[in-house]
Amino acid sequence: MPELRVSTPGGAYPVHVGAGLLERADELIEALPGIENVFVLADGAHEGKEGPLLGALARGGARVVCAHVQGERSKSVASAEALWARLAESGFHRNDLLVAFGGGVAGDLAGFVAATYHRGMPWAIVPTTLLAMVDSSIGGKTAIDLPLGKNLVGAFHQPVAVIADVATLGTLPDDAFATGMAEVVKHGLIDDLSLLERLDADAVRIGARDHAALAELVTQAAAVKVRIVNEDETERGARAYLNYGHTLGHALEALGGYTRWTHGQAIAIGMMFVAHLAPLLGYADRVAEHADALRAHGLPLTGAQFSFEDVAAMFARDKKYEAGMRFVVLEDLGKPAVVRDVPEDALRAAYEKVR
Ligand SMILES: NC(=O)c1ccc[n+]([C@@H]2O[C@H](COP(=O)([O-])OP(=O)(O)OC[C@H]3O[C@@H](n4cnc5c(N)ncnc54)[C@H](O)[C@@H]3O)[C@@H](O)[C@H]2O)c1
Ligand SMILES: [Zn+2]
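A brief look at the structure comes next. Numbering of residues begins from 1 in every chain and follows the order in which that chain's sequence is written. Each chain takes a letter, starting from A, and each ligand takes a number, starting from 1, following the order in which they are written. Selection of residues for local features in this predicted model requires a pLDDT of at least 70, selection of side-chain atom pairs for listing and counting requires 80 or more, and totals for whole chains, interfaces and linings are taken over all residues. No hydrogens and no water enter the side-chain calculation; it runs on all heavy atoms of the structure.

### Side note on the coordination of the zinc ion (ligand 2)
Ideal donor angles around a metal are set by the shape: a four-donor tetrahedron calls for 109.5 degrees, a six-donor octahedron for 90 or 180 degrees.
Now for step 1: In this analysis a donor is any N, O or S atom within 2.8 Å of a metal ion (3.2 Å for sodium, potassium and calcium), and since water is not included, sites may seem incomplete. Coordination of the zinc ion (ligand 2) by the protein comes from Glu183 (OE), His246 (NE2) and His263 (NE2), over a distance range of 1.9 to 2.1 Å.
Now for step 2: For the zinc ion (ligand 2), all donor residues lie on one chain, and their spacing in sequence is E-x62-H-x16-H. With His246 in helix H10 (residues 246-255) and His263 in helix H11 (residues 263-280), this residue pair connects regions lying 17 residues apart in the sequence. Side by side, His246 and His263 carry an identical accessibility label, which is buried. Runs of H or I in DSSP of at least four residues are treated as helices and runs of E of at least two as strands, each being numbered from the N terminus. Think of it in three bands: residues with accessible area under 20% of the maximum for their type are buried, residues over 50% are exposed, and the middle band is partly exposed, with areas taken using a 1.4 Å probe on protein chains only.

Have a look at this one:
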């Protein structure tokens, strides 16, 4: 399989994808031989199962310390403070290593702590959700939440390695797997139509979480993110395309109190919304292709429910707001564009289609 490599002004590092990589973490983290202390921040879902990873990290002689977190609520100032304190008490310094072992939550929190402890220490990430493998672990965006909103405090801090062991996906709950598939479909729609074909052709093997099929899928989907990050590390241009479907998706998640929909369900409806918006702005009508790809993974196409006024008020508060509302739409499959000043009647008409 092709070697994936992120290469940005903020750092260059490999993204390893395969089955059985946990046991080889020592080989895959090039910097490890010189490191005295390693702190592993593991998702609680792995409690008692992180042995192979800890064993590999300790093989080179480093002292390995492990702590657990779980759930979006742990992306908090309180968790960050507890981790900073734990690192200080355990004698960690700026040349030691932090390792995140989990989904986007463990990754975002560990990355933020690594970005700030001693003004920045190296970190590696071992993603264990499909979303983290194809999206959040690549690109060095780290963040914690505030009571007022998600991801409001953070930093760009690139890891030294990403190690995606697809064998870990075997225990991932179906709803979390479907959320990752929504991001995979997004990568297909915005950048790589052959990824959508693979989803179709390999549906049975992927559904059975076959390791070889997952490794191919993750490699191809992660490659889209790597390519975009390499072009645009700090989200001034192409990286905005990764926000496809997310403006409405984030609004629905917030309006639903983060419990009504999973992230994948919310962005599926969000992608359908912009699919309906595109022809109203004179672009190709690809609604059917969106619907087919999302439906195949049990993701919803409609059901937004809230009034257009409620949703429009959330759009105006979006973090990506920049001198007016922006939306990512497809001029055609694989051809994303950022549009501004979208007429309200078009937004309303597209929204009514997914409501
Ligand atoms: N930094 C970025 O660029 C970026 C991009 C997208 C999303 N995010 C962030 O990522 C987070 C969402 O990530 P997520 O969807 O991975 O959620 P998550 O980390 O909460 O994981 C989802 C659930 O799966 C469990 N889990 C994880 N791996 C498992 C495994 N292998 N087997 C069984 N259970 C497992 C977790 O305990 C959790 O309950 C959000 O906080 C979001 O803001 C960050
Ligand atoms: Zn997303």
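### Examining the pairing of strand S4 (residues 63-69)
The side chains of a regular strand alternate, first on one face of the sheet and then on the other.
Now for step 1: In this sheet, S4 lies alongside strand S3 (residues 37-43) in parallel orientation, the contact comprising seven bridges. Each residue of the ladder has a partner; that of Ala42, found in S4, is His68.
Now for step 2: As a crossover connection, the stretch from S3 through helix H2 (residues 51-58) into S4 is right-handed. In this analysis, strands are considered paired if DSSP registers two or more bridges between them. Throughout, right-handed denotes a crossover for which the path from the first strand over the helix to the second runs clockwise when the strands point away from the viewer.

### Some remarks on the pattern of salt bridges
Now for step 1: Only one rule defines a salt bridge in this text: a Lys or Arg side-chain nitrogen within 4 Å of an Asp or Glu carboxyl oxygen. In total, this model carries 21 salt bridges according to the counting rule given.
Now for step 2: Between Glu27 and Arg24 there is a salt bridge, and its shortest N-O distance comes to 3.3 Å.
Now for step 3: Residue class for Glu27 comes out exposed when judged on its relative accessible area of 52%.
Now for step 4: For the salt bridge of Arg286 with Glu289, the shortest nitrogen-to-oxygen distance reads 2.9 Å.
Now for step 5: The network of salt bridges with shared partners includes Glu72, Lys75, Asp108, Asp145 and Lys150.

### Section: the packing of aromatic side chains
Now for step 1: Here the aromatic set is Phe, Tyr and Trp, taking the six-membered ring for Trp, and pairing holds for ring centres within 6.5 Å; pairs whose planes are under 30 degrees apart are stacked, those over 60 apart are edge-to-face, and all others are tilted. Applying the stated criterion to the full structure yields seven aromatic pairs.
Now for step 2: Between the aromatic rings of Phe273 and Phe315, the centroid separation amounts to 6.0 Å while the plane-to-plane angle is 35 degrees, which identifies the pairing as tilted. Placement of Phe273 in helix H11 and of Phe315 in helix H13 (residues 308-316) is noted, with a sequence separation of 42 residues between them.
Now for step 3: Residue classification places Phe273 among the buried residues on the basis of a relative accessible area of 1%.

### Points about the site of ligand 1
Now for step 1: Residues in contact with ligand 1 amount to 23 residues; listed here are only the nearest, Asp43, Glu72, Lys75, Thr129 and Thr171.
Now for step 2: As used in this structure description, the phrase polar contact means that two N or O atoms lie within 3.5 Å; if the pair is within protein, one of them must be able to donate a hydrogen and the other to accept it, and residues adjacent in sequence are counted only when both atoms belong to side chains. The separation between an oxygen atom of ligand 1 and a polar side-chain atom of Glu72 is 2.6 Å.
Now for step 3: A distance of 2.8 Å separates an oxygen atom of ligand 1 from a polar atom in the side chain of Lys75.
Now for step 4: Those elements that provide at least two residues to the shell around ligand 1 are helix H4 (104-116), helix H5 (130-136) and strand S8 (149-156).
Now for step 5: For this scheme, ten residues count as nonpolar: Ala, Val, Leu, Ile, Met, Phe, Trp, Tyr, Cys and Pro. Four count as charged, namely Asp, Glu, Lys and Arg, and the remainder, Gly too, count as polar. Broken down by class, the residue content of the shell around ligand 1 amounts to five nonpolar, 10 polar and eight charged. One heavy atom within 4 Å of a molecule or strand is enough for the residue carrying it to be called near that molecule or strand.

### Concerning a nonpolar patch on the surface
Now for step 1: Taken together, the side chains of Val77, Leu146, Leu148 and Leu152 make up a nonpolar region of the molecular surface, amounting to roughly 370 Å² of accessible area.
Now for step 2: The topology assignment puts Leu148 in the loop between strand S7 (141-146) and S8.
Now for step 3: Owing to a relative accessible area of 74%, Leu148 belongs among the exposed residues under this scheme. Patch rule: a residue counts if its relative accessible area is over 30% and it has no salt bridge; like charges are joined within 9 Å, and nonpolar side chains (Val, Leu, Ile, Met, Phe, Trp, Tyr) within 5 Å. All accessible areas in this document rest on Shrake-Rupley with a 1.4 Å probe, and a residue is counted as covered only by the protein chains that are shown.

### Let's talk about the sheet that holds strand S2 (residues 11-18)
Now for step 1: Read from one edge of the open sheet, seven strands run S1-S2-S9-S6-S5-S3-S4, paired in mixed fashion. Every interior strand has two partners, whereas the edge strands, strand S1 (4-8) and S4, have only one. Taken over all neighbouring pairs, the strand axes of this sheet differ in orientation by 15 degrees on average, direction set aside.
Now for step 2: Relative to strand S5 (residues 97-102), S3 runs parallel, the two being bridged by five bridges. If you follow Val38 over to S5, its bridge partner there is Leu97.
Now for step 3: Across the sheet, helix H3 (residues 77-89) lies against S3, S4 and S5, angled at about 150 degrees from S3, the strand it touches most. Between N-to-C directions, angles cover 0 to 180 degrees, with each direction set by a line fitted to C-alpha atoms, over the stretch in contact for helices. A contact between two residues is defined here by any heavy atoms of the two lying within 4.5 Å.

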